[in-house]
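Structure assessment
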Amino acid sequence: MTGKVQFDFTDKVAIVTGAARGIGREMVKAFYQAGSAVMAVDRDLEGLKETCEGLGSRCQYTLTDIRVQAEVDSLMGLVEDRFGGLDVCVNNAAVAPHTALLEERVEVWDTVYAVNCRGTFLMTQAAARLMIAGGRAGRIINFSSAAAKRGSAGGAAYASSRAATESFSRVAAIELAPHNILVNTVSPGLIDTQPKPLPPHMEKSLGARIPTLPLARPGWPGEVADLVLFLASEASGYITGAVISIDGGSSVGTRPAGAVVDDDVRYDWVTGAQRDG
Ligand SMILES: NC(=O)c1ccc[n+]([C@@H]2O[C@H](COP(=O)([O-])OP(=O)(O)OC[C@H]3O[C@@H](n4cnc5c(N)ncnc54)[C@H](O)[C@@H]3O)[C@@H](O)[C@H]2O)c1
């Protein structure tokens, strides 16, 4: 085990979208605890209030639908008014409905793309404009998913929308580099964000899936927040355009179920001789 890492974001300003629950809520708290001013953004007012409860005036919240350009522009105006500029924008808000391809409704498909892709684009563009106008070197952290790289039933809209975010972020990294704005993408695997108790079908499928993950456990929202703070910090000053997995190894394989079984014991691999019996 290594030592504890602490980041200092004193005098910095961060936006976190999708802040009403899950990973977003944890990131608001992490930036706040590291000294940053934070604007928590979501379309769920009650959730936002809960996220910011007990935090001081350095944490503020606002309702914004990231699909709507006028709302995104108002958000940037509000951040400038309240905090005087912007250093970090974390585009975490997303929707993740899963439906069989043959049953997929076009309205749901369009909603997934409107939130996950258009919303990420609008937020990235508006945040970069505000950072550039303020003469600040900035950090933009977008979100993808392990599902972007791996086919899984029911994920046609979600998985492809997350892959689009990765591709978009690579272009943004190139175009914003001359402005000293670094753009990276975080790609989580299974993170334990769901309110408990789980519906029985989810309990069953997760119960089967978790033991197959290389680390045999889900990730915690705080572990994702740690990675995001690293990407927002001076410690990551030479990283841009990267997609960084935080998935307990699930994108590279499954947990070994037992001893290695594919060694062909009929041969001596050093001499090439066939073994007896
Ligand atoms: N939880 C996981 O296991 C997991 C796995 C892979 C990737 N991810 C990614 O991590 C991020 C966070 O995941 P989570 O599980 O914490 O999500 P979540 O579903 O718990 O929270 C998403 C938040 O986004 C908000 N939101 C949705 N549409 C919005 C809109 N149009 N405008 C503003 N806010 C909106 C929701 O109200 C909600 O509060 C997402 O980008 C997701 O794709 C999560």
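Presented here is a report on the structure given in the accompanying data block. Worth saying up front: this structure is predicted, and the values here are computed from it rather than measured.

With that settled, consider the overall build of the protein. Scanning the protein from N- to C-terminus turns up seven helices and seven strands. Counting from the amino terminus, helix and strand elements in the protein follow one another as β-α-β-α-β-α-β-α-β-α-β-α-α-β. Each principal axis of the C-alpha distribution contributes one length, and for the protein these read about 80 × 45 × 35 Å. The burial tally for the protein puts 39% of its 277 residues in the buried class. Taking the intrachain contacts of the protein between residues at least 6 apart in sequence as the baseline, contacts between residues at least 24 apart amount to 70%.

Around the ligand lies a shell of 29 residues, among which Gly18, Gly22, Ala94, Phe143 and Ser145 are the nearest. Ranked by residue count, the leading element in the shell around the ligand is helix 1 (residues 22–33), at three residues. Per-class residue counts for the shell around the ligand are twelve nonpolar, ten polar and seven charged.

Right, let's talk about the sheet that holds strand 7 (residues 243–246) for a bit. With parallel pairing, seven strands are arranged side by side in an open sheet as 3-2-1-4-5-6-7. Across the chains shown, the open sheet's two edge strands, defined by having one partner strand only, are strand 3 (59–63) and strand 7. Between one strand axis and the next, the sheet turns by 20° as a mean value, whatever way the strands run. The pairing of strand 1 (residues 13–17) with strand 2 (residues 37–42) spans five bridges and is parallel. Among the inter-strand pairings, Ala14 is bridged to a residue of strand 2, identified as Val38. Docked against the sheet, helix 1 engages strand 1, strand 2, strand 3 and strand 4 (88–91), running at close to 170° with respect to strand 1.

Below, the discussion takes up the nonpolar core. Counting residues in hydrophobic clusters, the biggest one holds 66 residues, and the most contacted among them are Ile15, Val16, Val38, Ala40, Ala127 and Val228. With nine residues, the single largest contributor to this core is helix 4 (residues 106–133). Residue contacts for Ala127: discarding those within four places in its chain leaves Ile15, Met76, Leu86, Cys89 and Ile140.

What follows is about unusual backbone geometry. Residue Pro197 follows Lys196 across a cis peptide bond; omega there is 0°. In this fold, Pro197 is placed in the loop between strand 6 (181–188) and helix 6 (200–209). Unusually for a residue other than glycine, Asn180 sits at a positive phi of about 60°. Mapped onto the elements of the fold, Asn180 is located in the loop between helix 5 (156–176) and strand 6. Overall, Asn180 belongs to the partly exposed group, with 15 C-beta atoms counted inside 10 Å. A positive phi angle, near 55°, is found at Ala216, a position not held by glycine. By secondary structure assignment, the location of Ala216 is in the loop between helix 6 and helix 7 (221–232). Residue Ala216 is classed as exposed on the basis of its C-beta count, with 11 C-beta atoms lying within 10 Å.

Counting buried positions along strand 1 yields five of five residues, so the element is predominantly enclosed. Side-chain alternation along strand 1 places Val13, Ile15 and Thr17 on one buried face and Ala14 and Val16 on a second face that is also buried. Each parallel crossover has a hand, and for strand 1 linked through helix 1 to strand 2 it is right-handed.

Counting through the fold element by element, Ala37 comes out in strand 2. Separated by 21 residues in the primary sequence, Ala37 and Arg58 have C-alpha atoms spaced 4.5 Å apart. Among residues more than four places away in sequence, those in contact with Ala37 are Val13, Arg58 and Phe83.

Rules used throughout
- Residue numbers restart at each chain and count upward from 1, following the sequence in its written direction.
- In keeping with the model being predicted, local features are shown solely for residues with a pLDDT of at least 70 and side-chain atom pairs are shown and tallied solely at 80 or more, while totals for entire chains, interfaces and linings include all residues.
- Strands here are runs of E lasting at least two residues and helices are runs of H or I lasting at least four, both read from the DSSP assignment and numbered beginning at the N terminus.
- Neighbour density around each residue's C-beta defines its exposure: 20 or more other C-beta atoms within 10 Å make it buried, 12 or fewer make it exposed, and counts between make it partly exposed, where C-beta atoms are placed from the backbone.
- The contact rule is simple: place each C-beta atom from the backbone, and if two of them lie within 7 Å, those residues are in contact.
- In this text, near has one meaning. A residue is near a molecule or strand if its C-beta atom, placed using the backbone, is within 6 Å of it.
- We call Asp, Glu, Lys and Arg charged. Ala, Val, Leu, Ile, Met, Phe, Trp, Tyr, Cys and Pro are nonpolar, and the rest, Gly among them, are polar.
- At least two DSSP bridges between two strands are needed for those strands to be called paired.
- Inter-axis angles, ranging from 0 to 180 degrees, are taken between N-to-C directions of lines fitted to C-alpha atoms, where helices are fitted over the stretch in contact.
- Here a nonpolar core is just a set of buried residues of the types Ala, Val, Leu, Ile, Met, Phe, Trp, Tyr and Cys, joined wherever their C-beta atoms sit within 7 Å.
- With its strands directed away from the observer, a crossover is right-handed exactly when the path from the first strand over the helix to the second travels clockwise.

Everything listed is a geometric property; what it means functionally is a separate question.
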